[in-house]
Amino acid sequence: MRLQIARNMECSQFHRSHMLSGLVWCPLAEQSRRKTAGFDMTALSVCTASSHGPGVPPEGARRSSIGRNSSRLQAQKGSVVLVDNRILARECLRSSLAAHPAPWDVVACSTIEEWQNEADRHPPLAAVLLHVGSANITDSHMEELIRQAIRISASAPLIILADRDDVVQIVNALDYGVRGYIPSSVSVEVCVEAINLALAGGVFVPASTVFAMREVINSDPTHDQRLTEMFTPRQIQVAEAIWQGKPNKIIAYELNMCESTVKVHIRNIMQKLKATNRTEAAYKVSALFTSNGVDLL
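All of these numbers come straight from a predicted model, not from anything done at the bench.

Caption draft 1: Up close: the nonpolar core. Grouped together as the largest cluster of nonpolar side chains are 24 residues, with contacts concentrated most on Phe-231, Val-238, Ile-269 and Leu-273. Counting residues per element, the ones that place at least two in this core are helix H10 (233–243), helix H11 (248–255), helix H12 (259–273) and helix H13 (278–291). When residues in this core are grouped by element, the largest group, 6 residues, is from H10. Excluding anything up to four places from it in sequence, Val-238 contacts Ile-251, Leu-255, His-265, Ile-266 and Ile-269.

Pasting the structure below:
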């Protein structure tokens, strides 16, 4: 009996002293004895242990499993190509997007042609993010650039990133076949999710556009009123420029007036249309001009 107690105490001390080292000596409760070379041999069990408890694999096995999973994830990644000819803006956005976990890599290029030359060195194309800045996408050269990007991207979605969020700009972009329109006023997190939405087959547009469309649908457009009764000739010119999405500086330059005068005209136009923002005003201007038989170019 004393011998058995001593053995149990020894086993307990051995177990405690070796738990952290990863090796535990476990004497079987029901000792299995077998004869070997004329004497009894006590069967021993040696197992790996972890401070995390039972069922947790060894550290080396976990690292191996993580490595395999990481390699598998990397193999599944595609390339989101960011096209922007402004070096600083391009690199800043690339770094911001890359800092957020996503199932794709960001490849920054200055042109679509640059991506075509480097495509073999990167994962397959997943999407194209084309930054058009403050350009008007209804201009012929911008329309051609967008259509070219759509042809090159093939089945991969093309997403527009722009500094403007007026409705006309967005509607024209969707007409060209883009799969998302992201204004530069959104956060990087929203931009990442907008890209993911396009990859999943959806189309992203800013909420302000949806709200403006709802206002136009629910409101009673002034289609029975004549333009000349509502606006002065100068205001009609400014209203058309608003529909085209032109900024105040461009409107002032083209109409040869001060920028402060342009702001006054825009404020008066929005009051007459009962519009709360430029986006809603552009929609109402479009409806008003159409009802009066005026073609907006």
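Moving on from the model shown.
Caption draft 2: Layout of the pairing of strand E6 (residues 104–109). For E6, the buried fraction is high: 5 of the 6 residues fall into the buried class. Alignment of strand E5 (residues 78–83) against E6, held across 6 bridges, turns out to be parallel. Within the sheet, the bridge partner assigned to Gly-78 lies in E6 and is Trp-104. In terms of handedness, the path from E5 via helix H3 (residues 87–98) over to E6 forms a crossover that is right-handed.

Caption draft 3: Local environment of the sheet that holds E5. Taken in spatial order, the 5 strands line up as E6-E5-E7-E8-E9 in an open sheet, and their pairing is parallel. Of all strands in the sheet, those bounded by a partner on one side alone are E6 and strand E9 (181–183). Each strand axis lies, on average, 25° off the axis of its neighbour in the sheet, ignoring direction. Inspection of the sheet shows strand E8 (residues 158–162) paired to E9 by 3 bridges, in the parallel sense. Directly across from Ala-162, in E9, lies its bridge partner Pro-183.

Caption draft 4: Looking closely at unusual backbone geometry. Phi at Ala-154 is positive, roughly 55°, even though this residue is not glycine. The topology assignment puts Ala-154 in the loop between helix H5 (140–153) and E8. A positive phi is found at Lys-274, a non-glycine position, where the angle reads about 55°. As for its placement among the helices and strands, Lys-274 is situated in the loop between H12 and H13.

Caption draft 5: Focus on the pairing of E8. The buried fraction of E8 amounts to 5 of the 5 residues, a majority that puts the element mostly inside the structure. Burial of E8 is two-sided: the residues Leu-158, Ile-160 and Ala-162 facing one way and the residues Ile-159 and Leu-161 facing the other way are all buried. Direction of pairing for strand E7 (residues 125–133) relative to E8: parallel, over a ladder of 5 bridges. Paired with Val-128 across the strands is Leu-158, a residue of E8. With H5 bridging E7 and the parallel E8, this β-α-β connection has right-handed handedness. You can see the chain leave E8, run along helix H6 (residues 167–176) and come back into E9, and the turn it takes is right-handed.

Caption draft 6: Looking closely at H5. Here H5 is 14 residues long and its end C-alpha atoms lie 20 Å apart, about the 20 Å a rise of 1.5 Å per residue gives. Along H5, the residues that are buried comprise Met-142, Ile-146, Ala-149 and Ser-153. Buried residues along H5 cover an arc of 60° about the axis, so they all sit on one side. In H5, the exposed positions that point more than 90 degrees away from the buried face belong to Ser-140, His-141 and Arg-151.

Caption draft 7: Quick peek at the packing of H11 against H12. Between H11 and H12, the least distance of the axes is 9 Å, while the angle of their chain directions is 110°. Taken together, the axes of H11 and H12 are roughly perpendicular relative to one another. Between H11, through Asn-248, Lys-249, Ile-251 and Ala-252, and H12, the contact on the second element is made entirely by Glu-259, Val-262, Lys-263 and Ile-266. Of the residues assigned to the contact of H11 with H12, the class counts are 4 nonpolar, 1 polar and 3 charged.

Caption draft 8: Geometry of the side chain of Asp-84. Among the secondary structure elements, Asp-84 is positioned in the loop between E5 and H3. Look past the residues within four positions of Asp-84 in its chain and what remains in contact with it is Ala-89, Arg-90, Cys-109, Ser-110 and His-131.

Caption draft 9: Representation of the pattern of salt bridges. A complete count under the given rule lists 7 salt bridges for this structure. A salt bridge links Arg-147 to Glu-143; its shortest N-O distance comes to 3.1 Å. Placement of both Arg-147 and Glu-143 in helix H5 is noted, with a separation of 4 residues, approximately one turn of the helix. Judged by its relative accessible area of 32%, Arg-147 is partly exposed.

Caption draft 10: Fine view of the environment of Glu-280. Looking at the element boundaries, Glu-280 is found in helix H13. Relative accessible area serves as the criterion here: at 2%, Glu-280 is assigned to the buried category.

About the criteria used
Residues numbered from 1 in each chain as written. Predicted model: local features only at pLDDT ≥ 70, side-chain atom pairs only at ≥ 80, totals over all residues. Heavy atoms only, no water. Core = buried A, V, L, I, M, F, W, Y, C linked by side-chain atoms within 4.5 Å. Buried < 20%, exposed > 50% of the residue type's maximum accessible area, 1.4 Å probe, protein only. Helix = DSSP H or I, 4+ residues; strand = E, 2+ residues; numbered from the N terminus. Contact = heavy atoms within 4.5 Å. Pairing = 2+ DSSP bridges. Right-handed = clockwise from strand over helix to strand, strands pointing away. Axes fitted to C-alpha atoms, helices over the stretch in contact; angles between N-to-C directions. Expected span 1.5 Å × (residues − 1). Arc of directions from axis to C-beta. Parallel < 35°, antiparallel > 145°, perpendicular 65-115°, else oblique. Nonpolar A, V, L, I, M, F, W, Y, C, P; charged D, E, K, R; others polar. Salt bridge = Lys/Arg side-chain N within 4 Å of Asp/Glu carboxyl O.

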